[in-house]
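Overview (structure and organization)
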Amino acid sequence: MKDPATKKRSRRLVAIVAAVLVLVLAGAGFAAFALTRTDTHSISTPATAGGMKREADKETALKAQLDAAETQFKSQGKDVSYVKSAIYNQTDAKRGPAGSLVFLGGKEKTAQKPDAFIKEFVKFIDEIGKQAGADKFKIANVSAGDAGGKAVCASQTQQGQKIAICAWATEDSMGEVIPTVPGWDAKTLTKVMLDLRADVEKSE
């Protein structure tokens, strides 16, 4: 039979073990949360984004083309719940060539690695080059900004004219910026894309 002191030490040990188990389980739960948590975003097309005004009249005139672009854009994702498009008017010559920019953005139903979208984007760009009989686009990883995710730009020069298209992706959202006028390179278009992204993509 255990003496009172031994019983007391035993109860104290049980209490310590129980406390440690609680901490371990809590830590494990936090770790599991950290590993399974995904960013949640929404995509919108406000009247003004990235300091550029939306061109509703052009969107109406080019509705068929935008619908086709949305369909193609949706195919670049795995399980896309919606795609939105808009045309914005870039008028600041200090930022880049004046003219319209087409924005396409989408939301994934389930989380995917940003690399998956980037891979499909590059594949799409390669197909454009083949269809146009043009030289291959130069693909460059660029800054996705403070909002995170991954971003990439495709650029080339045709007959002295610069062309660029940029895109970004997170675990559950993606966006693409396509200038309708030449003269853009990856560096200048990336800056505009990040400004635009700040207004069209929101964390929920």
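Here the structure is a predicted model, which is why all the values come from computation and not from measurement. (Residues numbered from 1 in each chain as written. Predicted model: local features only at pLDDT ≥ 70, side-chain atom pairs only at ≥ 80, totals over all residues. Heavy atoms only, no water.)

**A short note on the state of the cysteines**
Which entries qualify depends on this criterion: To count as a disulfide, a pair of cysteine sulfur atoms needs to be within 2.5 Å. Under the DSSP-based scheme used, a helix requires at least four consecutive residues in state H or I and a strand at least two consecutive residues in state E, with every element numbered from the N terminus. Only protein chains enter the accessibility calculation, which uses a 1.4 Å probe; a residue is then buried when its area is under 20% of its type maximum, exposed when over 50%, and partly exposed in between.
All told, the structure shown has one disulfide when counted by the stated rule. Residue Cys153 pairs covalently with Cys166 via a disulfide, S to S 1.9 Å. Judged by the torsion about the S-S bond (105°), the Cys153/Cys166 disulfide is right-handed. Pair noted here: Cys153 is in strand β7 (residues 150-158) and Cys166 is in strand β8 (residues 161-169), with a separation of 13 residues, a long-range link. Residue classification places Cys153 among the buried positions, given a relative accessible area of 0%.

**Quick word on the sheet that holds strand β2 (residues 48-49)**
Operational definition: Here the rule is simple: two strands pair whenever DSSP picks up at least two bridges between them. Here, two residues are considered to be in contact whenever any of their heavy atoms come within 4.5 Å of each other. Only the stretch in contact is used when a helix axis is fitted, and all axes are lines through C-alpha atoms; the angle between N-to-C directions ranges over 0 to 180 degrees.
In spatial order, the strands read β2-β3-β4-β5-β9-β8-β7-β6; together these eight strands make up an open sheet with antiparallel pairing. In this open sheet, the two strands that pair with only one neighbour each are β2 and β6 (138-142). Two strands pair when backbone bridges link them, and β7 and β8 are joined in this way by nine bridges, in the antiparallel orientation. When the sheet's bridge partners are listed, Ser155 is paired in β8 with Ala164. Helix α5 (residues 186-200) rests against β2, β3 (52-54), β4 (80-90), β5 (99-108), β6, β7, β8 and β9 (173-179) of the sheet, and its axis sits at about 35° to β8.

**Focus: the confidence of the model for the protein chain**
Close inspection of predicted coordinates is inappropriate in any region flagged by low pLDDT. Under the convention used in this document: Values of pLDDT, ranging from 0 to 100, describe the predictor's confidence in every residue of the model.
For the protein chain, the average pLDDT comes to 83, and 81% of its residues sit at 70 or higher. This stretch, residues 12-37, has a pLDDT under 50; its non-local contacts, to residues over four places away or in other chains, come to one contact.

**Side note on the nonpolar core**
So the rule is basically this: Take the buried Ala, Val, Leu, Ile, Met, Phe, Trp, Tyr and Cys residues and link them wherever side-chain atoms come within 4.5 Å; each set so joined is a nonpolar core.
Judged by nonpolar contacts, the single largest core of 21 residues is most densely connected at Tyr88, Leu101, Phe103, Leu189, Leu196 and Val200. Considering every element that reaches this core, the biggest residue donor is α5, with six residues. When near neighbours in sequence (up to four residues on either side) are disregarded, Leu189 contacts Leu101, Ala164, Ile165, Cys166, Val177, Pro179 and Trp184. With 18 residues, the next largest nonpolar core counts Val83, Ile118, Phe121 and Ile165 among its residues.

**Let's talk about the side chain of Ser155**
Looking at the element boundaries, Ser155 is found in strand β7. The class of Ser155 is buried, set by a relative accessible area of 17%. Contacts of Ser155, omitting those with residues within four sequence positions, involve Phe137, Lys138, Ile163, Ala164 and Ala186.

**Digging into the pattern of salt bridges**
Side chains that differ in charge, positive against negative, can pair when their charged atoms come close. As a reminder, the rule being used: The rule for a salt bridge is simple: a side-chain nitrogen of Lys or Arg has to be within 4 Å of a carboxyl oxygen of Asp or Glu.
In the structure shown here, the tally under the stated rule is eight salt bridges. Close ionic contact of Lys58 with Glu55 constitutes a salt bridge, the shortest N to O distance being 3.8 Å. When its relative accessible area of 37% is taken as the criterion, Lys58 is described as partly exposed. Looking at Glu55, the relative accessible area reads 11%, which means it is buried. Residue Asp185 pairs with Lys162 through a salt bridge whose shortest N-O separation is 3.8 Å. Highlighted residues: Asp185 in the loop between β9 and α5 and Lys162 in strand β8, separated in sequence by 23 residues. With relative accessibility at 25%, the residue Asp185 sits in the partly exposed group. By relative accessible area, which is 40% here, Lys162 ends up partly exposed.

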